[in-house]
Structures are given as C-alpha cells and as structure tokens.
Amino acid sequence: MLLNIRERMKTSICLQIDIFRYVYFVFRKWFYGNIWYIVCRRFYMPDLLLVLFLFNFSLFLLHEMDAIRCSEWRLFIILKDMEDSKAYKVFTFIHLFLYVLILSLLFSQYQTIIFWVLDLFFIIHAILHLFFERHPRNEFKNSFSRSIIYPMGVLSVIHLVLLINIST
C-alpha cells in the first residue's frame, strides 16, 4: 500500500512537472517570438519615441543655455558684427519664438513632422559643430559642451531609425 501511494505521488509529480514544462516551453516560444512585436509595435514604441525625442530636445535646450555662456551668436553671419549686448538679446529673443513654435507643434497633429524636422536639424547641427571645431570664435571646445552637442546627433539618428521602423 505504501509503495502504491509513493508510485502515485511520483507519477503525479512527474505529470505536474511535464505539464509545467509544456506550459513553460509554449509560453517561452510565444514570448520570445512575439515580444518584439508586442513591445515595439503595439504599446511601448510610441512612448519610447516620445521619451527619446524629449530627452534629445532637453539636450538641445541645455546646449542653447551653454550657447549663451559661449556667446554662440559670434558664429552667425548676421549677429557676429553686432555688439555683444545687442546680439545676446536678439539671439535670446529669436529662441523664445522658436521654442513656442516647437512646443506647440510637438503636441499637435504635426508631431511626426516636427520629429523629422528637428531630428534632421539636430544631425546637421552636430555636423556643423564638428566642422566649426577650429573656428577662432568657437568656445564649445570643452568636454561638457561636446557631451551635449554630439549625443544630440547620435540620438537623432537612432530616433529617425525607430521612427522609420514604426512607420513601415
């Protein structure tokens, strides 16, 4: 009798383990087969795109604060000949309207368009800073400024790739 109970328990445990293994392997196959689709296509990708873009836009805002410190207006054709106090005011005033325009379009039906435009701008902007490294009036030659400028270009490329991936 005792042997019979042990046999039944052993059989029951083996059956439970087999059922568990079957469920585990079915779930594993489904999970790994569909996780990319679930995570990237259905729920998380739009949120990830927005967070990535907002992080990049925050880097842009940091760069513009750094641009005030480094007197970036001295690199622009129109502003370089003005006296510093006037050029600073014009440079700052232009950015007020720029930020209002970007933020109003960012949370509108034109969000995808502003993603594209600003991503391309950030890439071109990083390339221009690379080309102007040796300019005598360039004061962005420190690691702090570079750690803001160049990641903007890289993150914009990543954002564009993800944007294209989700569009197709």
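Residues numbered from 1 in each chain as written. Predicted model: local features only at pLDDT ≥ 70, side-chain atom pairs only at ≥ 80, totals over all residues. Heavy atoms only, no water.

## Some details on the overall build of the chain
Short version of the rule: Numbering of helices and strands runs from the N terminus; a helix is a DSSP stretch of H or I covering at least four residues, while a strand is a stretch of E covering at least two. Exposed residues in this analysis have more than 50% of their type's maximum accessible area, buried residues have under 20%, and partly exposed residues fall in between, with area computed by a 1.4 Å probe over protein chains only. Any pair of residues with heavy atoms lying within 4.5 Å of one another is described as a contacting pair. The protein chains shown are the only cover counted for residues, whose accessible areas, like all others here, come from Shrake-Rupley with a 1.4 Å probe.
When its secondary structure is counted, the chain shows four helices and zero strands. Each helix and strand of the chain, ordered N terminal to C terminal, gives the series α-α-α-α. The 168 residues of the chain split such that 28% are buried. The long-range fraction of contacts in the chain, counting pairs at least 24 apart against all pairs at least 6 apart in sequence, stands at 71%. Summing over all exposed atoms, the chain offers an accessible surface of approximately 12000 Å²; the carbon and sulfur share of this is 72%.

## A closer look at the side chain of Glu-64
Our working definition: This count recognises Lys and Arg as positive and Asp and Glu as negative, with His and chain-terminal groups excluded. Salt bridge, as used here, is a side-chain nitrogen of Lys or Arg placed within 4 Å of a carboxyl oxygen of Asp or Glu. Polar contact is defined as a pair of N or O atoms within 3.5 Å, subject to the rule that within protein one atom must be able to donate a hydrogen and the other to accept it, and that residues adjacent in sequence are counted only when both atoms are side-chain atoms.
On the secondary structure map, Glu-64 appears in helix 1 (residues 2-69). The side chain of Glu-64 is buried and forms no salt bridge, while Arg-69, the nearest opposite charge, is found at 12 Å. A polar contact of 2.8 Å, which involves the side chain of Glu-64, links it to the side chain of His-95. Not counting the four nearest positions on each side in its chain, Glu-64 is found in contact with Glu-72, Phe-91, His-95 and Tyr-99.

## Some words on the pattern of salt bridges
Per the stated rule, a full pass over the model turns up four salt bridges. One salt bridge in this structure joins Arg-74 and Asp-84, with 2.5 Å as the shortest N-O distance. One end of the pair, Arg-74, is in the loop between helix 1 and helix 2 (84-106); the other, Asp-84, is in helix 2, and ten residues separate them in sequence. For Arg-74, a relative accessible area of 24% corresponds to the partly exposed category. Overall, Asp-84 belongs to the partly exposed group, its relative accessible area being 36%. The residue Arg-74 makes a salt bridge to Glu-139 at a minimum N-O spacing of 3.1 Å. Note that Arg-74 is positioned in the loop between helix 1 and helix 2 and Glu-139 in the loop between helix 3 (111-131) and helix 4 (143-167), a separation of 65 residues in sequence. Each of the salt bridges in this network shares a partner with another, and the network as a whole consists of Arg-74, Asp-84 and Glu-139.

## A look at helix 2
What counts here: Expected helix span is given by 1.5 Å per residue-to-residue step, counting one fewer step than there are residues.
For helix 2, built from 23 residues, the straight-helix expectation of 33 Å at 1.5 Å per residue is met to within 8% by its first-to-last C-alpha distance of 32 Å. Listed as buried for helix 2 are Ala-87, Phe-91, His-95, Ile-102 and Leu-106.

## Regarding the environment of Arg-74
Along the chain, Arg-74 and Glu-139 lie 65 residues apart, while their C-alpha atoms are 9.8 Å from each other. There is a polar contact of 3.1 Å between the side chain of Arg-74 and the side chain of Glu-139.

## Let's talk about the packing of helix 2 against helix 3
Convention followed: Between N-to-C directions, angles span 0 to 180 degrees; the directions come from axes that are lines fitted to C-alpha atoms, helices contributing only their stretch in contact. When describing relative orientation, an angle under 35 degrees is termed roughly parallel and one over 145 degrees roughly antiparallel, while 65 to 115 degrees is termed roughly perpendicular and anything else oblique. Under the convention adopted here, Pro, Cys and the residues Ala, Val, Leu, Ile, Met, Phe, Trp and Tyr are nonpolar, Asp, Glu, Lys and Arg are charged, and Gly plus all remaining residues are polar.
It is the contact of helix 2 with helix 3, at a shortest axis distance of 8 Å, that shows an interaxial angle of 135 degrees. Regarding the angle of helix 2 to helix 3, the classification is oblique. Counted together, Ile-102, Leu-105 and Leu-106 of helix 2 and Gln-111, Ile-114, Phe-115 and Leu-118 of helix 3 form the full contact between these two elements. Considered class by class, the residues forming the contact of helix 2 with helix 3 number six nonpolar, one polar and no charged.

## Concerning the environment of Phe-57
By the element assignment, Phe-57 lies in helix 1. With a relative accessible area of 5%, Phe-57 lands in the buried category. The spatial distance from the C-alpha of Phe-57 to the C-alpha of Met-152 is 8.1 Å, given a sequence separation of 95 residues. Contact partners of Phe-57, with chain neighbours within four places excluded, come to Ile-102, Leu-103, Leu-118 and Phe-122.

It is worth stressing that arrangement in space is one thing and function is another; only the former is reported here.
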